[in-house]
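Overview (structure and organization)
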Amino acid sequence: MSALWIALNIWLAAWALNVWLAGRAVQGARAGKLLVPLIFGAAVLVLWEGLVRGLGVAPVILPAPSMIAARVAGSLPVLWQDFAQTILKGAIPGFLIGAGAAFVTAIAIDRSAFLQRGLLPVGNFVAALPIVGLAPILVMWFGFDWQSKAAVVVVMVFFPILVNMVAGLQASERMQRDLMATWGASYWQTLVKLRLPAAMPFIFNGLKIASTLALIGAIVAEFFGSPVYGMGFRISTEVGRLGLDMVWATIAVAALAGSALYGLVSLIERWVTFWHPSQRH
């Protein structure tokens, strides 16, 4: 039980340190914003390690973080192959294709009242369909390679981005649009110079939501058919033979990849929408 008590003490010390940092000026600095979540994350891992070792939890139930890290270090070639198949070939292409299609469709909806009344309700209906029902159909249509995973990702990310962009195109004020009209601006000039900049916070909100959905869609699609590699394939295979350390190693890589993609979209958002009040802190 000594490991458990050590972990609990480290957790309490990290908690007290975070509370102290949160009440100081360092919290407003960039270093403080990075330091607090890093300390919290490290404390969670230490507590997890202490609980597993102190209570004697079987690895088949919940492996310790050190065991997962050792598995990651010992399986880098396999994990990289799975990462390339699921993320680089499935999630990212599907995310880009879905975002591009949503952008074009949103412009078409904005220009057509008919599409706005007819397409959006249909889109909401399709978005409500369970992905576990659509995934096997798309795998049968597009085959077992990365194309079917990208197709699933396109379906998952298309409508969140579309809905946010359609809402964002209406975010500019009526007076601003009237002012552009009095200057003789065309639809496209108004779109580029006024409405798209005003819509950027909405668009990036949709992109951030879609960045996590893309990874989920690619992994779920691999449960219904894939080559002999990929994160979804690895998870389903290792669960079948109780290789829980490899399952958690794959989950850890997926979580890091999803966080990196979300962080990249957030960083681009800061560059593009530096003028927005939400970025002034």
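This text follows the structure it describes.
Let me begin by describing the structure that accompanies this report. (Residues numbered from 1 in each chain as written. Predicted model: local features only at pLDDT ≥ 70, side-chain atom pairs only at ≥ 80, totals over all residues. Heavy atoms only, no water.)

Right, let's talk about a nonpolar patch on the surface for a bit. Taken together, Leu264, Leu267, Ile268, Trp271 and Val272 make up a surface patch of nonpolar side chains, about 460 Å² in accessible area. Residue Leu264 is classed as partly exposed on the basis of its relative accessible area, which comes to 46%. (Patch = residues over 30% accessible without salt bridge, like charges linked within 9 Å, V, L, I, M, F, W, Y side chains within 5 Å. Areas by Shrake-Rupley, 256 points an atom, 1.4 Å probe, with all protein chains shown as cover. Salt bridge = Lys/Arg side-chain N within 4 Å of Asp/Glu carboxyl O. Buried < 20%, exposed > 50% of the residue type's maximum accessible area, 1.4 Å probe, protein only.)

Moving on to the pattern of salt bridges. Per the stated rule, a full pass over the model turns up 6 salt bridges. Between Glu49 and Arg53 there is a salt bridge, with its nearest N and O atoms 2.4 Å apart. Linking Glu49 with Arg53, this pair stays in helix H2 (residues 30-54), spanning 4 residues, or about one helical turn. With a shortest N-O distance of 3.8 Å, Asp245 and Arg71 are connected by a salt bridge. Here the residue Asp245 occupies a position in helix H11 (residues 244-272), and Arg71 occupies one in helix H3 (residues 65-74), the gap between them amounting to 174 residues. The class for Asp245 is partly exposed, based on a relative accessible area of 22%. On the basis of relative accessible area, Arg71 is assigned to the partly exposed category, the value being 31%. (Helix = DSSP H or I, 4+ residues; strand = E, 2+ residues; numbered from the N terminus.)

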